[in-house]
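Below, each chain spelled out in residue letters.
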Amino acid sequence: MPGVDLHSHSTISDGSLTPAQLIQYAASKGVSMVALTDHDDVAGLAEAAREALVQGLCFVNGVEVSVTWKGRTIHVVGLAIDPESAGLVDGLSRQRHSRVERAERMAADLARHGIQDALAGAYGFAGDGVIGRTHFARFLVSLGHSRDVRSVFRRFLVRGKPGYVPHKWAEMGAAVSWIRDAGGVAVLAHPGRYDFGRVTMETLMAEFRDVGGEALEAISGSHTREMNERYLRYARTLDFKVSCGSDYHGPIQGYGDMGRLPELPADVAPVWRDWPA
Ligand code: AMP
Ligand code: MN
Ligand code: MN
Ligand code: MN
């Protein structure tokens with residue numbers, strides 16, 4: 001679906017374009033419907049919506065919530081949310097506070113491995129945005145520890161490597177409730193990226209459905225073609241709606257580019273089908 005992109009990031013979290021720049025970029029790539037889905041924050045939505053009016057794009061309010069499920073991290077995207085919903089605002093605020101506390105532990109662990117001042121370094125890249133591993137990754141690139149952000153995640157910030165600390169995010173049921181209570185649709189983000197094995201993955205999808213999850217992001221800029229096909233099949237057999245998104249983070253870093261996603265097959269239900277035009 002080159003014209004629909006329901007997963008992207010701005011400088012509000014770990015993207016490198018401002019919300020307005022991101023919308024301009026989407027327009028330049030021929031995208032006609034776009035969602036901004038920053039990690040654990042909705043602060044960019046108003047600016048993005050304003051620019052979407054200027055550019056003549058259909059804009060969807062979104063967010064990407066970090067969740068701990070059975071000790072593993074997964075991501076749940078909320079689409080068509082009311083960003084002022086009290087439960088969502090409160091839940092996301094707690095997530096952001098816990099990110100600050102996690103960042104301090106990450107910096108302390110990097111210091112134990114001889115890398116000093118990583119907290120200030122990471123905040124230098126985050127600015128006022130939601131702090132995350134990507135900002136530590138950019139700092140490590142700036143010190144010359146790795147060539148680019150992608151390679152940082154092979155040697156740092158992941159389980160067993162310097163800068164990794166365990167963390168407890170929101171529970172899946174809570175995250176889905178914040179989204180649903182905000183009038184939104186809960187989407188299991190980039191399912192192909194979780195390294196879980198078939199049984200665990202099927203358990204996850206069943207539990208996601210049980211707590212009110214309605215859609216799979218079967219088509220993702222971070223998936224291979226095989227992953228897209230596999231999760232389209234799951235969407236058909238498990239009767240999930242389907243979302244599609246690039247997970248664009250800006251020109252230098254991250255996953256897919258905008259305006260390059262494959263089309264949805266005709267026999268799955270797009271998550272946007274019931275939305276007002
Ligand atoms: P956090 O939510 O702070 O733990 O950071 C997660 C973010 O780190 C993801 O949304 C990506 O932007 C980035 N990230 C994680 N793994 C990788 C990777 N292998 N390559 C590039 N970016 C990654
Ligand atoms: Mn990210
Ligand atoms: Mn994600
Ligand atoms: Mn994302």
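Because the structure is a prediction, the values reported are computed rather than measured. (Residues numbered from 1 in each chain as written. Chains lettered and ligands numbered in written order. Predicted model: local features only at pLDDT ≥ 70, side-chain atom pairs only at ≥ 80, totals over all residues. Heavy atoms only, no water.)

**Some details on the site of ligand 1**
Near ligand 1 you find Asp14, His39, Arg99, Arg102, Gly132, Arg133, Thr134, Arg150, Phe153, His249 and Tyr255, and these make up its full shell. At 3.3 Å, a side-chain N or O of threonine 134 approaches an oxygen atom of ligand 1. Notes on ligand 1: free accessible area 500 Å², of which the protein chains cover 87%. Secondary structure elements with two or more residues in the shell around ligand 1: helix H3 (86-112), helix H5 (133-142) and helix H6 (149-155). A per-class count over the shell around ligand 1 returns two nonpolar, four polar and five charged. (Near = heavy atom within 4 Å. Polar contact = N/O pair within 3.5 Å; in protein donor to acceptor, adjacent residues only side chain to side chain. Areas by Shrake-Rupley, 256 points an atom, 1.4 Å probe, with all protein chains shown as cover. Helix = DSSP H or I, 4+ residues; strand = E, 2+ residues; numbered from the N terminus. Nonpolar A, V, L, I, M, F, W, Y, C, P; charged D, E, K, R; others polar.)

**Focus on the pattern of salt bridges**
Opposite charge on two side chains lets them pair, provided their charged atoms get close. Counted according to the given criterion, the structure contains 15 salt bridges. A salt bridge links aspartate 41 to arginine 96, with the shortest nitrogen-to-oxygen separation between them at 3.3 Å. Of the two residues, aspartate 41 is situated in the loop between strand E2 (33-36) and helix H2 (45-55) and arginine 96 in helix H3; the sequence distance between them amounts to 55 residues. Taking relative accessible area as the criterion, aspartate 41 reaches 13% and is therefore assigned buried. Overall, the relative accessible area of 27% leaves arginine 96 in the partly exposed class. Ionic contacts of the salt-bridge type, sharing partners, join the residues Arg180, Glu214, Lys241 and Asp274 into one network. (Salt bridge = Lys/Arg side-chain N within 4 Å of Asp/Glu carboxyl O. Buried < 20%, exposed > 50% of the residue type's maximum accessible area, 1.4 Å probe, protein only.)

**Notes on the coordination of the manganese ion (ligand 2)**
The coordination sphere of the manganese ion (ligand 2), as far as protein atoms go, consists of Asp14 (OD), Asp14 (OD), His39 (NE2) and His249 (NE2), spread over 2.1 to 2.8 Å. The site at the manganese ion (ligand 2) holds six donor atoms, and with the angles between them running 51 to 158°, its shape is irregular. Spacing between the donor residues of the manganese ion (ligand 2) along their common chain follows D-x24-H-x209-H. Between the two metal centres, the manganese ion (ligand 2) and the manganese ion (ligand 3), the spacing is 5.8 Å. In this pair, histidine 39 is assigned in the loop between E2 and H2 and histidine 249 in the segment after strand E8 (241-245), connecting sequence segments 210 residues apart. Across the pair, histidine 249 and histidine 39 agree in class, each one buried. (Donors = N, O, S within 2.8 Å, 3.2 Å for Na, K, Ca; no water. Tetrahedral: all angles 85-135°; square planar, octahedral: opposite > 155°, others 65-115°.)

**Quick word on the coordination of the manganese ion (ligand 3)**
Those donors, Glu64 (OE), His75 (ND1) and His190 (NE2), are the protein atoms that reach the manganese ion (ligand 3), and they lie 2.1 to 2.2 Å from it. Written as a sequence motif, the donor arrangement for the manganese ion (ligand 3) is E-x10-H-x114-H.

**Some details on the environment of glycine 221**
By secondary structure assignment, the location of glycine 221 is in the loop between strand E7 (215-220) and helix H9 (225-238). Spatially, the C-alpha atoms of glycine 221 and serine 243 are 12 Å apart, while their sequence positions differ by 22 residues. Not counting residues within four places of it along the chain, the set of residues in contact with glycine 221 comprises Gly245, Ser246, Tyr255, Gly256 and Leu261. (Contact = heavy atoms within 4.5 Å.)

**Looking at the pairing of E7**
Extensive coverage of E7 is indicated by the burial of six of its six residues. By the bridge criterion, two bridges tie strand E6 (residues 185-188) to E7 in an arrangement that is parallel. The residue bridging valine 187 from the neighbouring strand is alanine 215, located in E7. Of the strand pairs in this sheet, E7 and E8 are connected by four bridges, and their pairing is parallel. Each residue of the ladder has a partner; that of leucine 216, found in E8, is valine 242. A crossover links E7 with its parallel partner E8, the connecting element being H9, and its sense is right-handed. (Pairing = 2+ DSSP bridges. Right-handed = clockwise from strand over helix to strand, strands pointing away.)

**Quick word on the packing of aromatic side chains**
Aromatic ring pairs are reported here in terms of the distance separating the ring centres and the angle at which the planes meet. If you walk through the whole model with that rule in mind, you get five aromatic pairs. Lying across the ring of phenylalanine 196, arginine 72 places its NZ or CZ 5.0 Å from the centre. Over the ring of tyrosine 255 we find arginine 193; its NZ or CZ atom is 4.0 Å from the centre of that ring. (Phe/Tyr/Trp six-rings, centres within 6.5 Å; stacked < 30°, edge-to-face > 60°. Lys NZ or Arg CZ within 6 Å of the ring centre and 35° of its normal.)

**Overview of the nonpolar core**
With 66 residues, the main nonpolar core has Leu6, Ile74, Leu79, Leu188, Leu204, Trp272 and Trp275 as its most contacted residues. Take this core: its biggest share by element is six residues, from strand E3 (residues 58-69). With 18 residues, the next largest nonpolar core counts Ala122, Ala126, Ala137 and Phe139 among its residues. (Core = buried A, V, L, I, M, F, W, Y, C linked by side-chain atoms within 4.5 Å.)

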